[in-house]
Amino acid sequence: MLTKTESPEMQTSNAFVHNSAIALHNPTLQIALDRGTTNAVNNRVRAMLETTDANALRAQGRASRLRALHNLPALLEQAEAKLQARGVTILWAVDGAECNQHVIDIAQRHGVHKIAKSKSMATEETHLDHALEAAGLEVVETDLGEFVVQIAHDTPSHIVFPILHMTREQVRDLFVEKLHMPPSDDPEQLTAAAREYMRAQFTSADMGITGANFVIAETGTLAIVSNEGNARMCSSLPRVHVAVVGIEKVIETLDDFATLVQLLTRSATGQRLTSYVQMINGPANDNDSDGPDQMYVIFLDNGRSGIYSTTYAESLACIRCGACLNTCPVYQNVGGHAYGWVYPGPIGAIITPLLTGIHNAAPLPHASSLCGACKTACPVDIDIPDMLLKLRGDLVADGDSDPMVTAGIKAWALASQNPRMFELGGKAASLATRTLAGKDGQIHKLPSLLGNWTQNRDFPPFAKKSFHDLWRDRQSGKSS
Amino acid sequence: MNNQAHSSRDRILGALRAKKAPFESASARPSAYMPVTAVEHTDTDALLIRFTAELERLTGKVHVASSASDALETVMTLIGDDRTVLAWDVLPLPGLRETMQAHGISTIDPHARGDVRGEPLALMATARIGITGADAALAATGTLVIASNAAQSRTASLLPPVHITLLRRDRLYARLEDWIARDSREVMNNARSVAFITGPSRTSDIEMQPIIGVHGPKVLHVVVF
């Protein structure tokens with residue numbers, strides 16, 4: 001059976017609680033998440049521990065990103081001028097629709113029929129594949145995980161590992177059905193089947209589409225990180241290469257790149273470097289024996305400039321390693337699809353409301369225990385918990401809060417001002433909760449409106465004696 | 001399209017400049033960056049040992065030749081019975097082209113430019129072996145630095161399932177940081193594409209289980225001379 005999810009056109013971030021409940025009761029997903037995130041966390045920790053000084057490097061990487069963001073418009077212009085001087089056409093896209101139209105126009109101008117595409121989260125934002133197909137173009141996702149997503153009519157659930165939500169058995173069933181491969185759930189056999197299928201696609205594509213992990217302003221260079229080699233294929237074999245790049249991806253120098261690319265690969269997959277890091281400075285030189293004849297770079301805004309001068313600007317420093325997803329106890333349990341848009345996990349809980357509108361993703365800032373694991377894992381030390389809290393504040397200020405919670409907090413405020421009332425309330429809560437507790441001492445279902453709390457978790461009963469009681473007993477010499 | 005593109009450019013840059021830029025207190029560019037890994041011994045022999053250990057950890061195979069003729073013999077052994085290979089026009093190992101020719105080994109024309117590419121690329125994809133040089137190698141990560149230019153095709157290190165790289169000993173650097181500081185600007189100025197290659201092609205997309213050889217080469221040989 002295939003993993004079927006929502007239509008990619010539909011954002012379901014507001015259904016986070018509902019989506020999570022389904023995810024928590026999906027045993028296959030739970031196995032896949034457990035296998036995937038455990039490996040990812042172990043790999044990252046091992047790779048970061050063997051560096052010269054992990055925290056100093058994170059600070060160095062953070063400084064590189066913040067400095068670049070401070071100078072963002074000038075660096076974009078610098079990169080643009082460098083690339084243009086080597087014959088690259090630079091296009092700008094305010095939103096996804098404009099980005100997609102640019103790509104369609106380029107394809108039509110160059111008589112393109114088939115497009116080989118490598119993994120790019122920016123184009124997930126714009127639903128580029130659907131736009132290209134609607135324009136009559138054939139597009140093949142060439143990253144193994146993205147290819148599985150494409151033929152399953154699914155969406156990626158992780159920014160580095162698109163099919164983290166799938167087990168090998170699910171991929172087997174899909175390949176048997178779509179690629180007619182003999183049944184095998186050996187990942188090696190599955191990969192071999194994909195390699196064979198993809199060969200013909202690479203050599204016959206007229207155009208390649210990639211993203212970019214960094215744009216280096218100093219040299220006018222796109223840096224693309226990959227392991228499979230498909231990004232190199234897409235940017236080397238077809239006659240036209242188009243790179244879609246978020247405007248926040250620009251960094252200053254090659255020295256910044258050296259730190260950031262290694263922080264990225266170590267944090268994403270635990271590798272010292274990925275198999276391929278390709279530096280692209282422009283289309284092929286006239287006398288090069290291969291390489292693209294035409295090259296385009298599309299700088300995509302799609303809401304980023306709206307974040308730029310706000311208190312959330314730090315979220316633009318993200319280098320998309322996925323470490324905060326893997327380490328997050330919420331992501332580990334509900335997976336990526338529950339978040340309902342392109343970017344899941346802690347960083348997704350920030351940028352989804354910021355890029356798509358806070359009322360389209362109101363539950364996401366609450367989808368965190370604020371445990372801080374994300375900030376600790378982040379290679380550029382983004383203060384994710386702080387921004388989640390600020391977003392919660394924005395939601396309340398905007399009138400988006402649960403009346404029950406507001407009433408509860410008001411009652412608490414009133415009661416806590418009066419010691420007698422506080423103590424009385426505590427006694428009542430203690431008695432009530434202990435009556436409700438099951439044999440294991442936990443409350444599995446709170447009554448009436450409070451029941452929402454226990455829908456997906458238990459509630460511990462209050463202690464039999466309050467701190468005040470214990471203190472009084474201690475002072476009067478009684479033991480409990 | 002151009003008018004529209006220009007107005008979008010102005011809109012985006014205008015929006016970024018409309019208010020105060022964030023992170024005014026971001027620290028100034030350091031005069032020296034801390035390298036990501038420590039490399040204690042930087043003499044060529046030590047770098048070669050480190051490079052070999054790193055690459056072999058990733059299933060790459062390093063063959064250290066005692067001389068150019070030894071390297072030549074190693075390459076011929078690696079080619080084995082194949083009579084067609086994909087290779088750079090100019091290979092750094094003297095005599096290799098002539099020796100291959102003498103053994104009846106032909107090279108596929110690496111030319112794939114212009115509008116008709118399907119056939120030449122499909123032909124190149126039939127080669128089992130690709131042979132290239134390397135502009136540099138980075139010991140701490142086991143990385144090859146390979147630039148593309150008129151004589152150095154992109155496909156030779158990309159399409160064949162077996163990639164043989166000829167690496168001169170004096171091209172070894174300790175780290176990415178060292179190559180960037182000493183050589184990168186010149187290489188980057190002259191090449192439109194520079195690839196850092198660290199081991200064979202791989203994926204961990206299915207349950208994060210590492211699998212070698214997805215779209216690029218499955219086997220990577222480095223012959224050091």
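Model, not experiment: these values are computed from the prediction.

(A) Quick look at the overall build of chain B. A count of helical and extended segments in chain B gives 7 helices and 12 strands. Taken along its principal axes, the extent of the C-alpha atoms in chain B is 70 × 50 × 40 Å. Within chain B, the fraction of its 225 residues that count as buried is 50%. Restricting to contacts in chain B with at least 6 residues of sequence separation, those with at least 24 account for 73%.

(B) Looking closely at the overall build of chain A. Scanning chain A for helices and strands turns up 21 helices and 10 strands. A globule of 480 residues ought to have a C-alpha radius of gyration of about 23 Å, and chain A, at 26 Å, matches this closely. Its C-alpha atoms give chain A principal-axis dimensions of roughly 95 × 55 × 45 Å. Here chain A holds 480 residues, and the buried ones make up 53% of them. At a minimum sequence separation of 6, the contacts of chain A that also span at least 24 residues come to 74%.

(C) Looking closely at the sheet that holds strand S5 (residues 136–138) of chain B. Spatial strand order, S8(A)-S5(A)-S6(A)-S9(A)-S9(B)-S6(B)-S5(B)-S8(B): 8 strands in an open sheet with mixed pairing. In the strand order of this sheet, the two ends are held by strand S8 (250–251) of chain A together with strand S8 (172–173) of chain B, each with one partner. Here 5 bridges tie strand S6 (residues 221–226) of chain A to strand S9 (residues 276–280) of chain A, and the two strands are oriented antiparallel to one another. Bridging from a neighbouring strand, Leu222 of chain A pairs with Ile280 of chain A of S9 of chain A.

(D) Spotlight on the domain arrangement of chain A. You can read the domains of chain A as domain 1 (13–305) and domain 2 (403–475). Computed over C-alpha atoms, the centres of domain 1 of chain A and domain 2 of chain A are 49 Å apart.

(E) Region of interest: the sheet that holds strand S3 (residues 106–107) of chain B. All names here are of chain B. The strand order across the open sheet built from 6 strands is S1-S12-S7-S4-S2-S3, with neighbouring strands paired in parallel fashion. Whereas interior strands pair on both sides, the edge strands pair on one side only; in this sheet they are strand S1 (61–64) and S3. Pairing of strand S4 (residues 129–133) with strand S7 (residues 162–167), which is carried by 5 bridges, proceeds in the parallel orientation. Its bridge partner lying in S7, Gly130 is registered against His163. Sheet strands in contact with helix H2 (residues 44–57) are S1 and strand S12 (219–224), and its direction is about 150° off that of S1. The strands that helix H3 (residues 68–79) touches are S1, strand S2 (84–87), S4, S7 and S12; relative to S12, the one it contacts most, it runs at about 165°.

(F) Highlighting helix H5 (residues 96–109) of chain A. All names here are of chain A. Between its first and last C-alpha, H5 extends 20 Å over 14 residues, near the 20 Å set by a 1.5 Å rise per residue. The set of residues buried in H5 consists of Gly96, Cys99, Asn100, His102, Val103, Ile106 and Ala107. Buried residues in H5, looked at end-on, bunch into an arc of 150°, giving them a common side. Exposed residues pointing more than 90 degrees away from the buried face of H5 are listed as Gln108 and Arg109. After H5 finishes, the residue Gly111 shows a positive phi value of roughly 60°.

(G) Spotlight on the packing of helix H9 (residues 168–178) of chain A against helix H10 (residues 187–204) of chain A. All names here are of chain A. As a packed pair, H9 and H10 sit with axes 10 Å apart at the nearest point and diverge in direction by 35°. When the axes of H9 and H10 are compared, the crossing they make is left-handed. Listed contacts from H10 to Arg168, Val171, Arg172 and Phe175 of H9 are Pro187, Leu190 and Ala193. Tallied by class, residues from the contact of H9 with H10 come to 5 nonpolar, no polar and 2 charged.

About the cut-offs
- Residues numbered from 1 in each chain as written.
- Chains lettered and ligands numbered in written order.
- Predicted model: local features only at pLDDT ≥ 70, side-chain atom pairs only at ≥ 80, totals over all residues.
- Helix = DSSP H or I, 4+ residues; strand = E, 2+ residues; numbered from the N terminus.
- Buried ≥ 20, exposed ≤ 12 C-beta atoms within 10 Å, placed from the backbone.
- Contact = placed C-beta atoms within 7 Å.
- Rg over C-alpha atoms; globule rule 2.2 N^0.38 Å.
- Pairing = 2+ DSSP bridges.
- Domains from an automatic or database assignment.
- Axes fitted to C-alpha atoms, helices over the stretch in contact; angles between N-to-C directions.
- Expected span 1.5 Å × (residues − 1).
- Arc of directions from axis to C-beta.
- Left-handed = near helix turned anticlockwise from the far one by under 90°.
- Nonpolar A, V, L, I, M, F, W, Y, C, P; charged D, E, K, R; others polar.

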